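Listed below are the residues making up each chain.
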Amino acid sequence: MYLDEQWNHSLQENNFLPGPDFPGMKDYLVVGKTCCYVDCTCYLKDTYNLSLFFLFFLILLFLKTQKHFQDEPLNLAVILSECLQEEKKVLASASEKQGCGSPAVQQKWKELDRGVNELKRQISEVKKEVKSLEFLYENLDYVQKTWQNKVEQDSGLAQSNAAVKEGCLKQANFIMQTKQMMLQQIVNILNQAEQIVAALTDVELPEWKRRQQLACIGGPVDTSLDHLEEWFTAVADVLIQVNQELQKLQDQSKKYNSPDASSFPGETENFTLSLLTKLLANALVVEKQPVMSSLPQRPLILKTGVRFTAAVRFLANLPEFKCRVKVKPVFDKDVEETTAVHGLRHFAFNRDNSKVLDVDRPDGGLVAEFAHMSLKESKTRPRGSCEQSRLGVTEELHVIKFVTELQFAGLSCNIEASSLPVVVISSTSQIPSAWASVMWCNMLSTSEPRNLSLFVDPPPLTWQQLSQVLSWQFLSVGQRGLDEDQLSMLRDKIVGEYLATSSIRLNHATFYFHPLLGMLIRQDTGQYWRR
């Protein structure tokens, strides 16, 4: 009955995606058919909808009390065993896709979580101690002022004046010691924050960008920004609070004429702002690489005059930055190849696409989506460039940079994020060779800044590298990759049966003009492959 209800619910919502086959699941449970079970588990592997798998498992448990299984309990045991085995496979497959299957990666992320949580705990303690220090200052100031007034009104209290002054001096020394301990605690926080900022900007962010590269060419990797956004936001918040508490300490020293008012450690404040600047300068990322709506599975190929979309996200998602960051896309900004590579074409946007980052997404992220960008070729060429290009149209690599300037909390920093290299075409017939360039570039150019002159002298790819990306093409459109026999057949067709070996290195020209590329970009390839 429940499965019938779920099927009717899917019909009402026009949800005709492949699976889950609720009527088939019902037939399997009651009659013992295996085909629907396989369809369901395959669907779950593709979509990683684990809740549906567990639902299927719970339905089996429920039917344990039904008459069908009372007479044959062994059948139920076998089915439950199969479900548990499939559950393990689905969980392992999902973990592998998310990039967190490696124990080393999991351990590294746990350490980052612990480090960030420790920063948040320590800054919370510092804030409490600053309030306590303010209370001590107020008490000392009150005693000093009121006692002086009492001495002036009653000369008999003059004998106690020395004792009161001594008590005030002890209190002042205690305040100074407490402040020095607090400053040392803040320095410890900053030292820990420095290590975390380095881990985020120099390790985690480049690794995410590499995963995004592979995802753009069909790689089954996780490109979620949830962890990075959480860490960037938390560390930025801690550094902002540290800066605020340092300002409070400085204000206290001035307000109560503390002896250290003129010698307040400015290097601690500078250290805080430098860490915050480094973090924010790397907080802008291209969440969605440039892509045309007509080629949703072939990003980074742009056609002149045709609209394309891109999106950027600011990882330090704090209310202080809402509506403060205005991002402007610039084509080929500060790209040396525009003059170094002979005859490189030049492009410009058809309109001003500047946008302000705002919380306009369901997840509450600071995101700007540029949905109406298009390019036109510029007829003017920079001085010294040559009319005849050494590169073909689909071998030219360009970038779109998203730039902004942030003024906040006494700091000013220029921030920019760069897209992956894009190929600009003028005809749809150039799509196959453009996609060959995109695949070749993203397999070889693994670090920033990107080598935009890669195809002036393109390095070769090993068959292991190329076979992996070829398999991803079928996986991305048909939900399954190529097996070893199919890859061997492709290798024979690309390089020839007598030259094909596992250690062969292929040059770009061999692959660039191969008819196989036309098949890879056909929109109906996925339909045939799924069959």
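Just so it is clear, the model here is predicted, and its values are computed rather than measured.

Rules and cut-offs
Residues numbered from 1 in each chain as written. Predicted model: local features only at pLDDT ≥ 70, side-chain atom pairs only at ≥ 80, totals over all residues. Heavy atoms only, no water. Helix = DSSP H or I, 4+ residues; strand = E, 2+ residues; numbered from the N terminus. Buried < 20%, exposed > 50% of the residue type's maximum accessible area, 1.4 Å probe, protein only. Contact = heavy atoms within 4.5 Å. Areas by Shrake-Rupley, 256 points an atom, 1.4 Å probe, with all protein chains shown as cover. Salt bridge = Lys/Arg side-chain N within 4 Å of Asp/Glu carboxyl O. Phe/Tyr/Trp six-rings, centres within 6.5 Å; stacked < 30°, edge-to-face > 60°. Pairing = 2+ DSSP bridges. Axes fitted to C-alpha atoms, helices over the stretch in contact; angles between N-to-C directions. pLDDT = per-residue confidence, 0-100. 1 Å grid on protein atoms, 1.4 Å probe; cavity = no way out; pocket = protein on both sides within 12 Å on 5 of 7 lines; lining within 4 Å. Points joined across faces, edges and corners; volume = space filled by probe spheres on them. Nonpolar A, V, L, I, M, F, W, Y, C, P; charged D, E, K, R; others polar. Expected span 1.5 Å × (residues − 1). UniProt positions renumbered as here; feature names shortened; annotations may be inferred. Parallel < 35°, antiparallel > 145°, perpendicular 65-115°, else oblique. Left-handed = near helix turned anticlockwise from the far one by under 90°. Domains from an automatic or database assignment.

J.: Is there a simple way to think about the overall build of the protein in this case?
T.: Scanning the protein from terminus to terminus reveals 17 helices and 14 strands. Buried residues in the protein amount to 44% of all 531 residues. Sequence-distant contacts, at least 24 apart, represent 75% of the contacts inside the protein between residues at least 6 apart. Counting every atom, the protein has about 27700 Å² of accessible surface; 51% of that belongs to carbon and sulfur.

J.: What am I meant to see in the pattern of salt bridges here?
T.: For side chains of opposite charge, pairing can occur when their charged atoms come near one another. Summed over the entire model, instances satisfying the criterion amount to 14 salt bridges. One salt bridge in this structure joins Lys108 and Glu204, with 3.3 Å as the shortest N-O distance. One end of the pair, Lys108, is in helix α7 (residues 103–153); the other, Glu204, is in helix α8 (residues 161–216), and 96 residues separate them in sequence. Of the residues examined, Lys108 reaches a relative accessible area of 25% and is grouped as partly exposed. Among the residues examined, Glu204 registers a relative accessible area of 3% and is labelled buried. Notably, a salt bridge pairs Glu118 with Arg121, separated by 2.4 Å at the nearest N-O pair.

J.: What's the story with the packing of aromatic side chains in this structure? I'm lost.
T.: The relation between two aromatic rings is expressed through the spacing of the ring centres and the mutual angle of the planes. Tallied over the full model, the rule gives six aromatic pairs. With a centroid separation of 5.6 Å and 85° between ring planes, the pair formed by Phe314 and Phe321 is classed as edge-to-face. The residues Phe314 and Phe321 share a single accessibility class, namely buried. Summarising the aromatic geometry, the rings of Phe331 and Phe347 are spaced 5.8 Å apart at their centres and angled 75° between planes, so their arrangement reads as edge-to-face.

J.: Any chance you could explain the sheet that holds strand β6 (residues 355–356) here in plain terms?
T.: Either a parallel or an antiparallel arrangement is found when strands of a sheet pair, and the pairing is made through backbone hydrogen bonds. The sheet built from four strands is open, its strands ordered β6-β4-β10-β11 with antiparallel pairing. Two strands close off the open sheet at either side, each with one partner strand: β6 and β11 (411–418). Taken together, the two bridges between strand β4 (residues 326–331) and β6 define a ladder with antiparallel strand orientation. From the neighbouring strand, Val327 faces β6, where its bridge partner is Lys355. Against the sheet, helix α10 (residues 266–281) makes contact with β10 (400–408) and β11, and its axis sits at roughly 25° relative to β11, the strand it touches most.

J.: I keep staring at the confidence of the model for the protein and nothing clicks. Help me out?
T.: Caution is warranted with low-pLDDT regions, since their predicted coordinates should not be read in detail. Looking at the protein as a whole, the pLDDT averages 79, with 72% of positions reaching at least 70. Per-element confidence in the protein is highest for strand β1 (residues 284–292), whose mean pLDDT is 97, and lowest for helix α3 (residues 35–47), whose mean pLDDT is 43. Low pLDDT, under 50, characterises residues 28–50; the predicted model gives this stretch 43 contacts beyond four residues in sequence or across chains. Of the regions scoring below 50 in pLDDT, residues 94–98 engages in eight contacts with residues more than four places distant in sequence or in other chains.

J.: Hey, could you run me through empty space enclosed by the protein in this one?
T.: Over the atoms rolls a probe the size of a water molecule, and its path tells where empty space is left. In the structure shown here, the tally under the stated rule is one cavity of 30 Å³ or more. Taken as a whole, the largest cavity holds about 90 Å³ of empty space. In terms of lining, the largest cavity is formed by 10 residues, of which the most central are Trp109, Arg211, Ser224, His227 and Leu228. The set of elements that each furnish at least two residues to the lining of the largest cavity consists of α8 and α9 (226–255). Residues of the lining of the largest cavity, tallied by class, amount to four nonpolar, three polar and three charged.

J.: Would you mind showing me how to read α9 here?
T.: A turn of α-helix holds 3.6 residues, and therefore any two residues three or four places apart point the same way. In this model, α9 (30 residues) spans 43 Å end to end at C-alpha, consistent with the 44 Å of a helix rising 1.5 Å per residue. Phi turns positive, to about 50°, at Asn257, one or two residues after α9.

J.: When you look at the pairing of β11 in this model, what are you seeing that I'm missing?
T.: The side chains of a regular strand alternate, residue by residue, between the two faces of the sheet. Side chains Leu411, Cys413, Ile415 and Ala417 project from β11 onto a buried face, and the interleaved Ser412, Asn414, Glu416 and Ser418 project onto a face without burial. Examined bridge by bridge, β10 and β11 share eight bridges and lie antiparallel to one another. By the bridge assignment for β11, Phe408 is matched with Leu411.

J.: Would you explain the UniProt feature "coiled-coil region" (unreviewed entry) in the protein in this entry?
T.: Mapped onto this numbering, the UniProt entry gives "coiled-coil region" (unreviewed entry) at residues 109–136. Between the end C-alpha atoms of residues 109–136 the distance is 41 Å, and the span holds 100% helix and 0% strand.

J.: Is there a simple way to explain the environment of Leu284 in this structure?
T.: For Leu284, the location among the structural elements is in strand β1. We classify Leu284 as buried; its relative accessible area is 3%. Sequence separation of Leu284 and Phe402 is 118 residues, and the distance between their C-alpha atoms is 8.5 Å. Beyond its immediate stretch of four places on either side in the chain, Leu284 contacts Val312, Arg313, Phe314, Val327, Leu357, Phe402, Thr404, Ile415, Glu416 and Ala417.

J.: When you look at the packing of helix α12 (residues 431–444) against helix α13 (residues 463–478) in this model, what are you seeing that I'm missing?
T.: For any two helices packed against each other, the geometry comes down to the angle between their axes and how far apart the axes lie. At a closest axis distance of 11 Å, the pairing of α12 and α13 adopts a crossing angle of 125°. In terms of orientation, α12 and α13 fall into the oblique class. Read as a crossing pair, α12 and α13 show a hand that is right-handed. Counted together, Trp435, Met439 and Met443 of α12 and Gln465, Gln468, Val469, Trp472 and Gln473 of α13 form the full contact between these two elements. Split into classes, the residues belonging to the contact of α12 with α13 amount to five nonpolar, three polar and no charged.

J.: Can you walk me through the layout of surface pockets in this structure?
T.: Here the second largest pocket is characterised by a volume of approximately 590 Å³. Lining the second largest pocket are 31 residues, and of these Lys401, Ser418, Glu448, Pro449 and Arg450 sit closest to its centre. Those elements giving two or more residues to the lining of the second largest pocket turn out to be α8, β1 and β11. No other element matches the eight residues that α8 contributes to the lining of the second largest pocket. For the lining of the second largest pocket, a count of residues per class yields 13 nonpolar, nine polar and nine charged. Looking at which domains feed residues into the lining of the second largest pocket, each of domain 1 (112–282) and domain 2 (284–379 + 391–427) gives three or more.

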